[in-house]
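Understanding the architecture of this molecule
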Amino acid sequence: MKECRINFQNDIIENILDALKTCGAGIGIAEKYNYEVESGTYSSTLVFTPKEGQKLNAIDFFMFGYFIGRDY
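Overview of the structure.

Rules of the game
- The residue count restarts for each chain, going from 1 along the sequence in the order it is written.
- Where local features are concerned, this predicted model is filtered to residues with pLDDT of at least 70; where side-chain atom pairs are given and counted, the filter is 80 or more; whole-chain, interface and lining totals use all residues.
- Neither water nor hydrogens contribute to the side-chain values; these are computed over all heavy atoms in the structure.
- Strands pair, by our definition, only if DSSP identifies at least two bridges between them.
- Working definition: helices are DSSP H or I runs of at least four residues, strands are E runs of at least two. Numbering for both runs from the N terminus.
- Orientation is described by axes fitted as lines to C-alpha atoms, over the contacting stretch for helices, and by angles from 0 to 180 degrees between their N-to-C directions.
- What makes two residues a contact is simply this: any of their non-hydrogen atoms within 4.5 Å.

Some remarks on the pairing of strand 3 (residues 43–50)
Sheet faces and side chains relate simply in a regular strand, where the side chains alternate between the two faces. Bridge count between strand 1 (residues 4–9) and strand 3: six bridges; the pairing is antiparallel. Directly across from Arg 5, in strand 3, lies its bridge partner Val 47. The loop that links strand 2 (residues 33–38) with its antiparallel partner strand 3 comprises four residues.

Some words on the sheet that holds strand 3
As summarised here, the arrangement of the three strands in space is 1-3-2, forming an open sheet in which the pairing is antiparallel. Since the sheet does not close on itself, it has two edges, and those belong to strand 1 and strand 2, each with one partner. Adjacent strand axes in the sheet meet at a mean angle of 20° when their direction is disregarded. Note: strand 2 against strand 3, six bridges, orientation antiparallel. Within the sheet, the bridge partner assigned to Tyr 33 lies in strand 3 and is Pro 50. Of the strands in this sheet, strand 2 and strand 3 are in contact with helix 2 (residues 24–32), which crosses strand 2 at around 100°.

Here's what the structure looks like:
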């Protein structure tokens, strides 16, 4: 897997971006992965790619999603 793409409504993408700065799991994700937003009118896509020397790990995103769903 070379990238992880998350497509949601813009307000949910904003919550995810907030969590990348304020949640422990999100800060960890931001340390391991580069991310960029492909903006759309109603929904956007958040694209994560591993930083040099890192591998994409699905459990990172599973746990991150759990914390976002619970706290954001």
